[in-house]
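# Coordinate analysis (summary)
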Amino acid sequence: MKNRFLANLLLTFIWVALTGGFTFANIFFGFFLSYFVLFVITRGGGRARYFRLVPRLISFFFYFLYQLIKANVQVAWEVGTPKLHMTPGIVGVPLDVRSDGQITLLANMITLTPGTLSLDVSEDKKVLYVHSMYITNREDFIRDIKNGFEKRIIEISS
């Protein structure tokens, strides 16, 4: 995977040098153009981990961006309206992620989303305690985290 990534970066920089445009859009286009070229020329290498990881990382980024915008709108609405609609609580979320890196990434993604805060991890690393401003149904809240951030973290780390 490391070699394909380095080749992708090298081809990206060659693209930028040949076009002479050191802009974000040109670098972005060059990266995806070189990704496509590598995918095509590796003949059957499309099953390689690198070619599965890049789309998953992009999906993870856009999912996080969507959750971030949604939570910001919800919290802004709460602040802007005279009546409180909060139903705060603390929920123990059972974890399928096992490594310290995965748990840390999950806890940080939850904390970076407004209205939620990761509080602690159990000693056996099987439960993450999360405070949220909006818990109407405990099972739905857990399902949202498990089918959202946790599922995507497992996908990008496997």
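Residues numbered from 1 in each chain as written. Predicted model: local features only at pLDDT ≥ 70, side-chain atom pairs only at ≥ 80, totals over all residues. Heavy atoms only, no water.

## Observations regarding the nonpolar core
One finds Leu106 and Phe149 to be the most contacted residues of the largest nonpolar core, which totals 20 residues. Among the elements of the structure, α3 (49-80), β1 (89-94), α4 (100-112), β3 (127-132) and α5 (138-157) are those that each provide at least two residues to this core. Look past the residues within four positions of Leu106 in its chain and what remains in contact with it is Leu95, Val97, Leu128, Ile145, Phe149, Glu150 and Ile153. Ala48, Tyr50, Phe51 and Val54 belong to the second-largest nonpolar core, a separate cluster that totals seven residues. (Core = buried A, V, L, I, M, F, W, Y, C linked by side-chain atoms within 4.5 Å. Buried < 20%, exposed > 50% of the residue type's maximum accessible area, 1.4 Å probe, protein only. Helix = DSSP H or I, 4+ residues; strand = E, 2+ residues; numbered from the N terminus. Contact = heavy atoms within 4.5 Å.)

## What about the layout of surface pockets?
Of the volumes computed, that of the largest pocket is approximately 460 Å³. Lining the largest pocket are 20 residues, and of these Gln67, Lys70, Thr116, Phe141 and Asp144 lie nearest its centre. Contributions of two or more residues to the lining of the largest pocket are made by α3 and α5. Within this model, the second largest pocket holds a volume of roughly 400 Å³. Secondary-structure elements contributing two or more residues to the lining of the second largest pocket are α1 (2-19), α2 (24-41) and α3. Examining the composition of the lining of the second largest pocket, we find that seven residues originate from one element, α3, more than from any other. Taken together, the residues that form the lining of the second largest pocket break down as 16 nonpolar, one polar and no charged. (1 Å grid on protein atoms, 1.4 Å probe; cavity = no way out; pocket = protein on both sides within 12 Å on 5 of 7 lines; lining within 4 Å. Points joined across faces, edges and corners; volume = space filled by probe spheres on them. Nonpolar A, V, L, I, M, F, W, Y, C, P; charged D, E, K, R; others polar.)

## Some details on the environment of Arg98
Along the chain, Arg98 falls in the loop between β1 and α4. Sequence-wise, Arg98 and Tyr66 are 32 residues apart; in three dimensions their C-alpha atoms are separated by 25 Å. Excluding anything up to four places from it in sequence, Arg98 contacts Ile103, Lys125 and Lys126. A polar contact is formed between the side chain of Arg98 and the backbone oxygen of Leu95, at a distance of 3.2 Å. (Polar contact = N/O pair within 3.5 Å; in protein donor to acceptor, adjacent residues only side chain to side chain.)

## Details of the pairing of β3
In β3, alternate side chains face the same way, and those of Leu128, Val130 and Ser132 are buried while those of Val127, Tyr129 and His131 on the opposite face are not. Judged from the six bridges that link them, β1 and β3 form a sheet pairing that is antiparallel. By the bridge assignment, Val93 is partnered in β3 with Leu128. Here strand β2 (residues 116-121) pairs with β3 via five bridges, running antiparallel. When the sheet's bridge partners are listed, Val121 is paired in β3 with Leu128. A loop of five residues connects β2 with β3, the two strands running antiparallel in sequence, and Lys125 in this loop sits at a positive phi of about 60 degrees. (Pairing = 2+ DSSP bridges.)

## What to know about α2
The terminal C-alpha atoms of α2, which comprises 18 residues, lie 26 Å apart, in line with the 26 Å expected from a rise of 1.5 Å per residue. Every buried residue of α2 is listed here: Asn26, Gly30, Phe31, Ser34, Tyr35 and Leu38. (Expected span 1.5 Å × (residues − 1).)

## Regarding the side chain of Lys146
You can see Lys146 is positioned in helix α5. Accessibility expressed as a relative area gives 18% for Lys146, which makes it buried. Of note is the side chain of Lys146, whose polar atom sits 2.5 Å from the side chain of Glu150.

## Here we look at the environment of Asn108
Tracing the backbone shows Asn108 in helix α4. Since its relative accessible area comes to 40%, Asn108 is described here as partly exposed. Residues Asn108 and Ser118 lie 10 residues apart in sequence; the distance between their C-alpha atoms is 7.4 Å.

## Concerning the sheet that holds β3
Two modes of strand pairing occur in sheets, parallel and antiparallel, and in both the strands are linked by backbone hydrogen bonds. Across the sheet, three strands lie side by side as β1-β3-β2; this open sheet has antiparallel pairing. Since the sheet does not close on itself, it has two edges, and those belong to β1 and β2, each with one partner. Averaged over neighbouring strand pairs, the angle between their axes works out to 30 degrees when direction is ignored. Sitting on the sheet, α4 is in contact with β2 and β3, with an inclination near 150 degrees to β2. Sheet strands touched by α5: β1, β2 and β3. Its angle to β1, the strand with the most contacts, is close to 50 degrees. (Axes fitted to C-alpha atoms, helices over the stretch in contact; angles between N-to-C directions.)

Any link to function would need more than the numbers given here.
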